[in-house]
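# Inside the fold
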Amino acid sequence: MIELSRAAYDDIVYHAYGGGEAEICGVLAGTHGDDGEPSVVTDTYQAENVAETPQIRYLIDPEEQFKLIETIEDDGLDVVGFYHSHPTGPTHPSETDAARATWPDHSYVICALDGYPFVGSWRWRGDEDGFEQETVSVRSER
């Protein structure tokens, strides 16, 4: 299970709408849940999509990703996972998403915009096990 703060959820959806026809992407930060505990996302860190075909792919520059991860850790947070949009694509991970996933037991959030925005999440279990869909909940601010 993954819990998004209202602010993090809104950031993902607004970032996705702002990307137009291109996929957007970023890193999710908060508390990484282990042993059945939910991951809690409190912050999002936007990244530039440097893919050659950003309309159907996303790619975070490795240097930028490293800097974002350092910033997250300096802020005292865990990397919970990553997010990107599918402006016209499916509401689930694509074959390319699975082929490029590299962080086992981390969440990959997708905001699909074909119609009403859909925000779903999948935990990457590894090459052989692939993605496992997880429940998404939005936490009200306290």
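So, how was this worked out
Residues numbered from 1 in each chain as written. Predicted model: local features only at pLDDT ≥ 70, side-chain atom pairs only at ≥ 80, totals over all residues. Heavy atoms only, no water. Helix = DSSP H or I, 4+ residues; strand = E, 2+ residues; numbered from the N terminus. Expected span 1.5 Å × (residues − 1). Buried < 20%, exposed > 50% of the residue type's maximum accessible area, 1.4 Å probe, protein only. Arc of directions from axis to C-beta. Phe/Tyr/Trp six-rings, centres within 6.5 Å; stacked < 30°, edge-to-face > 60°. Pairing = 2+ DSSP bridges. Axes fitted to C-alpha atoms, helices over the stretch in contact; angles between N-to-C directions. Contact = heavy atoms within 4.5 Å. Patch = residues over 30% accessible without salt bridge, like charges linked within 9 Å, V, L, I, M, F, W, Y side chains within 5 Å. Areas by Shrake-Rupley, 256 points an atom, 1.4 Å probe, with all protein chains shown as cover. Salt bridge = Lys/Arg side-chain N within 4 Å of Asp/Glu carboxyl O. Lys, Arg positive; Asp, Glu negative; His and termini not counted. Charge placed at Lys NZ, Arg CZ, Asp CG, Glu CD. UniProt positions renumbered as here; feature names shortened; annotations may be inferred.

## Observations regarding helix α1 (residues 6–18)
- If you check α1, its first and last C-alpha atoms are 18 Å apart, about what 13 residues at 1.5 Å a residue would give, namely 18 Å.
- Taken residue by residue, α1 has Ala 8, Tyr 9, Ile 12, Val 13, His 15 and Ala 16 as its buried positions. The buried side chains of α1 occupy one side of the element, clustering within an arc of 160° when seen end-on. Turned more than 90 degrees off the buried face of α1, the exposed positions are Tyr 14 and Gly 18.
- Looking one or two residues past α1, Gly 20 carries a phi angle of roughly 60°, positive in sign.

## Some points on the packing of aromatic side chains
- Taken as a whole and assessed by the stated rule, the structure comprises 4 aromatic pairs.
- Relative to Tyr 108, the ring of Phe 82 lies with its centre 5.6 Å away and its plane at 35°, an arrangement referred to as tilted. Taken together, the residues span a long stretch of sequence, with Phe 82 in strand β4 (residues 78–86) and Tyr 108 in strand β5 (residues 107–112) at a distance of 26 residues.
- For Tyr 108, a relative accessible area of 6% gives the class buried.
- Connected via pairs of aromatic rings, a cluster forms that spans Phe 82, Trp 103, Tyr 108, Trp 124 and Phe 131.

## Thoughts on the pairing of strand β3 (residues 39–47)
- Taken together, the 3 bridges between strand β1 (residues 2–5) and β3 define a ladder with parallel strand orientation. Bridged to Glu 3 within β3 is Val 40.
- Looking at chain direction, strand β2 (residues 25–31) and β3 are connected through 7 bridges and run antiparallel. Paired with Val 27 across the strands is Tyr 45, a residue of β3.

## As for the sheet that holds β1
- One open sheet accounts for 8 strands, arranged β7-β6-β5-β4-β2-β3-β1-β8; its pairing is mixed. Either end of the sheet is taken by a strand with one partner, and the two such strands are β7 (131–134) and β8 (136–139). Sheet twist, expressed as the mean angle between neighbouring strand axes with direction ignored, is 35°.
- α1 contacts β1, β2, β3, β4, β5, β6 (118–124) and β8 of the sheet and is inclined by roughly 35° relative to β3.
- The strands touched by helix α2 (residues 62–74) are β2, β3 and β4; relative to β3, the strand with the most contacts, the crossing angle is about 140°.

## Focus on the pairing of β1
- The alternating pattern of β1 places Ile 2 and Leu 4 and Glu 3 and Ser 5 on opposite faces, both of which are buried.
- Examined bridge by bridge, β1 and β8 share 4 bridges and lie parallel to one another. In the strand pairing of β8, Ser 5 is matched with Arg 139.

## Some points on a negative patch on the surface
- A cluster of acidic residues, Asp 11, Asp 34, Asp 35, Glu 37, Asp 43, Glu 70, Glu 73, Asp 74, Asp 75 and Asp 78, forms a negative patch at the surface.
- If one sorts the elements of the negative patch by residue count, α2 sits on top with 3 residues.
- One can find Asp 75 in the loop between α2 and β4.

## Considering the UniProt feature "domain: MPN" (unreviewed entry) in the chain
- UniProt's entry tags residues 2–137 with the feature "domain: MPN" (unreviewed entry), counted in the numbering of this structure.
- Taken as a whole, residues 2–137 contains 24% helix and 35% strand, while its terminal C-alpha atoms sit 6 Å from one another.

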